[in-house]
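Structure assessment
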Amino acid sequence: MKLLFVQKEGGIFGAESYQLNVIPALMAKGVEIHFLRLYTDYQGGKGGDFVDRLKAMSVTVFEINIGRYPSYGKLKAIRQVVKAGNYDLVHTHLIHADFYLAMVKTLMMRRLKLVSTKHGYDNDFTSKFGFDATKQTNTPYFLISRWAEARMNRSFTISHGLRDFFIATGLTKAEKMSMIHYGFDLQEIGDGMDSKAHRKAAQQLVIAGRLIKFKGHEYVIKALPLLKDKFSDLKLLLIGIGEHEDYLKALVKKLGLEEQVIFLGYSKEVQKYMYNSDVVLVPSVSEGFGVVFLEAFNCRTPVIAFDVPAGNELMTHGEQGFLVSPYEVQDMAAQIESVLSAPDKSRAVAENAYGKLKTYFTIDRMVEETITFYEQALKEK
């Protein structure tokens, strides 16, 4: 089986981490994979860390600058890559790849077999409404997504919540959309993870993720004043950068929490901060999946998240983590207090989460399900 993966890439985030894990695992099963990287000069440019990592795996990489707007020349360049490779399937990831390859299929290669992975949805929409399908209107993002999806032979989402949203909004039909949870063989946490440099307080909370609105950092920040009298040495670490940073810093200043909230910026030591914290918080309005859950499970650190997709299908309240009524600041504060006040119970829940990581959220399970998906797509006309 020979595949071409296609994605617009400008930094290593959730979808890119998926690629770097699934591609070598698929290759080990005998699947030949090439990668077409779509890029722009204003976001990422040519080459970079992602491309270097793919090439280190002996993946053949093509790069095409798609600029700001589609053109016949760019579509022709994509067609040349696809035609020369004689691929069994072309597998697109994220909206730009979906759209460009759907145009190539419509205008130039009618018999092209396209499959797609839906790693998430429009950040602007999910920041406001999560996965509430009743709020979806005919926005440009929606119309482009629906048009592109109509030209896919098959697709799969990375969570049930995301699949339900795509079907309920009419973006796709149920019979065309499968679901495959992420699975990663995360590096085993070994000796040397205990670190004073990564422990800033007696009680330490951490959020790891881009500082963008739908990640929900503000709900935890607003919960902190409710905890100040109960925990004299409590700090919240924020790992990441993003467009919401100035707003969050202004909120911290307004609430007088400059001593309690630490902005760490981008860090390559997320696992060490998680391991040395008491709680990993995932206050997102919604998540297509949320790799951060698995990273926290791997550290055996308790997770608190809002009771929304996909966190509420990755863990059950009180078993692998703790779920809080969506966007309720007081409930968030109460749950943080409960976890910090009952460390033995919290550790037991974290151990259960680690067990689920090792038995279900595995690369082998994900790869087997992905190969089955490909085989089904190849059988269909």
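Above this text is the structure in question.
From a predicted model like this one, the values you see are computed outputs, not experimental measurements. (Residues numbered from 1 in each chain as written. Predicted model: local features only at pLDDT ≥ 70, side-chain atom pairs only at ≥ 80, totals over all residues. Heavy atoms only, no water.)

1. Topic: the nonpolar core
Phe5, Leu26, Tyr121, Met274, Phe293 and Phe297 are the most contacted members of the largest nonpolar core, which totals 67 residues. With residues up to four places along the chain from it excluded, the contact list for Phe297 reads Val303, Leu314, Met315, Gln320, Ala353, Tyr354, Leu357 and Phe361. Membership of the second largest hydrophobic core comes to 35 residues, among which are Phe214, Leu224, Phe322 and Val324. (Core = buried A, V, L, I, M, F, W, Y, C linked by side-chain atoms within 4.5 Å. Buried < 20%, exposed > 50% of the residue type's maximum accessible area, 1.4 Å probe, protein only. Contact = heavy atoms within 4.5 Å.)

2. Structural notes on the environment of Val82
Structurally, the position occupied by Val82 is in helix H3 (residues 72-85). We classify Val82 as buried; its relative accessible area is 5%. Counting along the chain gives 42 residues from Val82 to Thr40, while the straight-line C-alpha distance between them is 20 Å. (Helix = DSSP H or I, 4+ residues; strand = E, 2+ residues; numbered from the N terminus.)

3. Quick look at helix H4 (residues 94-107)
Across its 14 residues, H4 extends 20 Å between first and last C-alpha, which sits within 8% of the 20 Å expected from 1.5 Å per residue. Restricting attention to buried positions, one finds in H4 the residues Ala97, Asp98, Tyr100, Leu101, Ala102, Met103, Val104 and Lys105. Of the surrounding secondary structure, the elements contacted by the buried residues of H4 are strand E1 (2-8), strand E2 (32-39), H3, strand E4 (89-93), strand E5 (114-118) and helix H6 (140-149). (Expected span 1.5 Å × (residues − 1).)

4. Digging into unusual backbone geometry
Glycine aside, residues mostly have negative phi, and peptide bonds are mostly found in the trans state. With omega at 0 degrees, the peptide bond leading from Pro309 into Ala310 counts as cis. Within the secondary structure, Ala310 sits in the loop between strand E12 (303-306) and helix H12 (311-314). A positive phi angle is found at Ser58, which is not glycine, with a value near 70 degrees. Looking at the element boundaries, Ser58 is found in the loop between helix H2 (49-56) and strand E3 (60-65). Phi angles above zero are rare outside glycine, and Tyr327 is one such case at about 70 degrees. Structurally, Tyr327 is set in the loop between strand E13 (322-324) and helix H13 (329-341).

5. Notes on the packing of H3 against H4
Axis separation between H3 and H4 bottoms out at 10 Å; the angle between their running directions is 80 degrees. As far as their axial angle goes, H4 and H3 are roughly perpendicular. From H3, Leu75, Ile78, Arg79 and Val82 reach across to H4, where they touch Tyr100, Leu101, Met103, Val104 and Leu107. Within the contact of H3 with H4, the residues separate by chemical class into eight nonpolar, no polar and one charged. (Axes fitted to C-alpha atoms, helices over the stretch in contact; angles between N-to-C directions. Parallel < 35°, antiparallel > 145°, perpendicular 65-115°, else oblique. Nonpolar A, V, L, I, M, F, W, Y, C, P; charged D, E, K, R; others polar.)

6. Some points on the packing of helix H1 (residues 14-28) against helix H15 (residues 363-379)
Taken N-terminus to C-terminus, the directions of H1 and H15 make an angle of 75 degrees; their axes are 10 Å apart at the nearest point. Here H1 is positioned roughly perpendicular relative to H15, judged by the angle of their axes. Listed contacts from H15 to Tyr18, Asn21, Val22, Ala25 and Leu26 of H1 are Ile363, Met366, Val367, Thr370, Ile371 and Tyr374. Among the residues forming the contact of H1 with H15, the class breakdown is nine nonpolar, two polar and no charged.

7. Here's the deal with the sheet that holds strand E8 (residues 203-208)
Strand-to-strand pairing in sheets goes through backbone hydrogen bonds, with the strands running parallel or antiparallel. Pairing in this open sheet of six strands is parallel, and the strands run E10-E9-E8-E11-E12-E13 from one edge to the other. Each end of this open sheet is capped by a strand with a single partner; those strands are strand E10 (261-265) and E13. Neighbouring strand axes in the sheet, compared pairwise and without regard to direction, differ in orientation by 25 degrees on average. When E8 meets strand E11 (residues 279-282), the two strands line up parallel, connected through two bridges. Within the sheet, the bridge partner assigned to Val206 lies in E11 and is Val280. H13 rests against E8, strand E9 (234-239), E11, E12 and E13 of the sheet, and its axis sits at about 160 degrees to E13. (Pairing = 2+ DSSP bridges.)

8. Quick notes on the packing of aromatic side chains
All chains considered together, the criterion is met by 21 aromatic pairs. Measuring from ring centre to ring centre gives 5.1 Å for Tyr121 and Tyr141, while their planes differ by 80 degrees; the resulting arrangement is edge-to-face. Taken together, the residues span a long stretch of sequence, with Tyr121 in the loop between E5 and helix H5 (123-129) and Tyr141 in helix H6 at a distance of 20 residues. Here the aromatic rings of Tyr360 and Phe361 are separated by 4.9 Å at their centres, their planes lie at 75 degrees, and the arrangement is edge-to-face. Residue Tyr360 is classed as partly exposed on the basis of its relative accessible area of 28%. (Phe/Tyr/Trp six-rings, centres within 6.5 Å; stacked < 30°, edge-to-face > 60°.)

9. Side note on the pattern of salt bridges
For the coordinates displayed, the defined rule picks out 15 salt bridges. The residue Arg53 makes a salt bridge to Asp49 at a minimum N-O spacing of 3.0 Å. Placement of both Arg53 and Asp49 in helix H2 is noted, with a separation of four residues, approximately one turn of the helix. Residue classification places Arg53 among the partly exposed residues on the basis of a relative accessible area of 39%. In this structure, the salt-bridge partner of Glu380 is Arg154, at a minimum N-O distance of 3.2 Å. With Glu380 in the segment after H15 and Arg154 in strand E6 (residues 154-157), the pair connects residues that are 226 residues apart, well separated along the chain. Assessed through its relative accessible area of 31%, Glu380 is described here as partly exposed. Put simply, Glu9, Arg37 and Glu63 are held in one network by salt bridges that share partners. (Salt bridge = Lys/Arg side-chain N within 4 Å of Asp/Glu carboxyl O.)

10. With respect to the pairing of E12
Every second residue of E12 is oriented toward a common face, with Val303 and Ala305 on one face and Ile304 and Phe306 on the other, all of them buried. Where E11 lies against E12, three bridges are found, and the strand directions are parallel. Bridging from a neighbouring strand, Val282 pairs with Ala305 of E12. On the question of chirality, the crossover connecting E11 to the parallel E12 by way of helix H11 (residues 291-299) is right-handed. Direction of pairing for E12 relative to E13: parallel, over a ladder of three bridges. Counted as the bridge partner of Ala305 is Leu323 from E13. (Right-handed = clockwise from strand over helix to strand, strands pointing away.)

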